[in-house]
Amino acid sequence: MTGVQTCALPIYINAEAARFFFEQMRTTENPAYKYIRRRGISDQTIVKFGIGYAPDSWDSLILDMKDKGIDEKQMTALGLASGNNGKIYSKFRNRIMFPIINTRGKVIGFGGRVLDDGIPKYLNSPESEIFRKKNNLFGINLTRQEISKEGKAILVEGYMDVISLFQQGVKNVVASLGTALTENQALMLKRYTNDIVIAYDADEAGINAAVRAIDILIPLGLKVRVLKIELTQIGRASCRERV
């Protein structure tokens, strides 16, 4: 689609960005695909989650978006681009891209994992008119029905935790977008279940995050359990037995 002017909707812009990242993942030789396959993620799962690749380029996304009539101010407002000394460049470069999708199936933001020694390791979309981290959960667009069916939700820390478990058949899982669980996120979970299983990392940071999550979940009337195993090292049947 061409001819879109500066009135383009943010949802449309993010959808076009997600399409660009996905096409880069699927149609070019790139380190993101090699990394994701080494992690055991299948092509089917890549498609299911719309996982993409942001090229190691300062302007490839910008040029693609401009071809669609999307201006620099809109890209900057959504965190897709950034400016410095009058120049604009792609914010996400050489990263695996995880689109963050709401319950209506709309791309509201992105999380990008670096593929080299760059920092930060994870870069998320900034707050915008369509994206508030505290109000959303990664994976909820795909897993909310399974959460209701299973009668419980497994709460994990990261994008890859959700994706790996989902591929293994454990589909009642969500992540809190790299931030401490918020009350709004807890209330979102409560729409689908009253039973939460926290499966954070067993390091100090994970333990502290679990304690904070418990302090939010229990006052809302939710039943909370903490899973103390390495989820990445167990299979589908074994995981189901433990939760």
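Numbers given for residues are sequential positions, taken from 1 along each chain in its written order. Totals for whole chains, interfaces and linings use every residue, but because this is a predicted model, local features are given only for residues with pLDDT of at least 70 and side-chain atom pairs only at 80 or more, for both listing and counting. No hydrogens and no water enter the side-chain calculation; it runs on all heavy atoms of the structure.

## So, the packing of aromatic side chains
Each pair of aromatic rings taken from Phe, Tyr and Trp, with Trp reduced to its six-membered ring, is defined by centres within 6.5 Å and is described as stacked if the planes are under 30 degrees apart, edge-to-face if over 60, and tilted in the remaining cases. Applying the stated criterion to the full structure yields 10 aromatic pairs. For the pair F98 and F138, a centre-to-centre distance of 6.5 Å together with 80° between the ring planes defines the contact as edge-to-face. Here F98 is found in strand 4 (residues 95–101), whereas its partner F138 is found in the loop between strand 6 (122–124) and helix 6 (140–150), with 40 residues between them in sequence. Here the aromatic rings of Y122 and Y159 are separated by 6.0 Å at their centres, their planes lie at 45°, and the arrangement is tilted. Residue Y122 is found in strand 6, and its partner Y159 is found in helix 7 (residues 159–167); the two are separated by 37 residues along the sequence. Here the aromatic cluster, defined as three or more aromatic residues joined through ring pairs, consists of F49, F98, Y122, F138, Y159 and F166. Charges are assigned to positions over rings by a cutoff of 6 Å between ring centre and Lys NZ or Arg CZ, combined with an angular limit of 35 degrees from the ring normal. Here the guanidinium or amino end of R93 rests over the ring plane of W58, the centre of that ring lying 3.9 Å away. Between the NZ or CZ atom of K171 and the centre of the ring of F166, over which it lies, the distance is 5.0 Å. Only DSSP runs of H or I with at least four residues qualify as helices, and only runs of E with at least two residues qualify as strands; both kinds are numbered from the N terminus onward.

## A word on the confidence of the model for the protein chain
As a per-residue measure, pLDDT tells how confident the predictor is, with possible values from 0 to 100. For the protein chain, per-residue confidence averages 91 on the pLDDT scale, and residues scoring 70 or more make up 91% of the total. Note on contacts: a residue pair qualifies if any of its non-hydrogen atoms lie within 4.5 Å across the two residues. With pLDDT under 50 throughout, residues 1–6 is counted as low confidence; its partners more than four residues away or in other chains account for 13 contacts.

## Regarding helix 8 (residues 183–190)
Residues three or four positions apart in an α-helix share a direction because the helix packs 3.6 residues into each turn. Here's how the labels work: a residue is buried when its accessible area is under 20% of the maximum for its type, exposed when over 50%, partly exposed in between, all with a 1.4 Å probe on protein chains only. Turning to helix 8, its buried residues number three or more, namely Q185, A186, M188 and L189. All buried residues of helix 8 project into a common sector of 155° when viewed along the axis, lining one side. Elements in contact with the buried residues of helix 8: helix 6, strand 7 (153–156), strand 8 (173–175), strand 9 (195–198) and helix 9 (204–217). Regarding the arc, it is the one traced by the directions from the helix axis to the C-beta atoms.

## Notes on the nonpolar core
Counting 30 residues, the largest nonpolar core has I51, F98, F138, V156 and I163 as its most contacted members. Listed by contribution, the elements that provide at least two residues to this core are helix 2 (31–38), helix 3 (43–49), strand 4, strand 7, helix 7 and strand 8. Looking at this core, the element that brings in the most residues is helix 7, giving 6 residues. Residues within four places of F138 in sequence aside, it is in contact with F49, F98, P99, I100, Y159, V162, I163, V174, A175 and L177. By convention a nonpolar core is built from buried Ala, Val, Leu, Ile, Met, Phe, Trp, Tyr and Cys residues, the set being connected through side-chain atoms within 4.5 Å. Grouped together as the second largest cluster of nonpolar side chains are 22 residues, A54, I62, L78 and V107 included.

## Looking at the sheet that holds strand 4
We treat two strands as partners when DSSP finds at least two bridges between them. If you walk across this open sheet you meet the 4 strands as 1-4-5-6, and the pairing is antiparallel. Both edges of this open sheet fall to strand 1 (52–54) and strand 6, since each of them pairs with a single strand only. Taken pair by pair, the neighbouring strands of this sheet meet at an average axis angle of 30°, ignoring direction. Where helix 2 meets the sheet, it contacts strand 1, strand 4 and strand 5 (107–114), and its direction lies at approximately 75° from that of strand 4. Of the strands in this sheet, strand 4, strand 5 and strand 6 touch helix 7, which is tilted by about 75° from strand 4. To define axes, lines are fitted to C-alpha atoms, for helices over the stretch in contact only, and angles between the resulting N-to-C directions are given on a 0 to 180 degree scale.

## Considering the environment of T193
The topology assignment puts T193 in the loop between helix 8 and strand 9. Taking the C-alpha atoms as reference points, T193 and A153, 40 residues apart in sequence, are found 6.9 Å from one another. Those residues in contact with T193 that lie beyond four places of it in its chain are I147, G151, K152, A153 and L222. Counting of polar contacts relies on pairs of N or O atoms within 3.5 Å, with two restrictions inside protein: one atom must be capable of donating a hydrogen and the other of accepting it, and residues adjacent in sequence are counted only when both atoms are side-chain atoms. Among the polar contacts made by the side chain of T193, one reaches the main-chain carbonyl oxygen of G151 at a distance of 2.8 Å.

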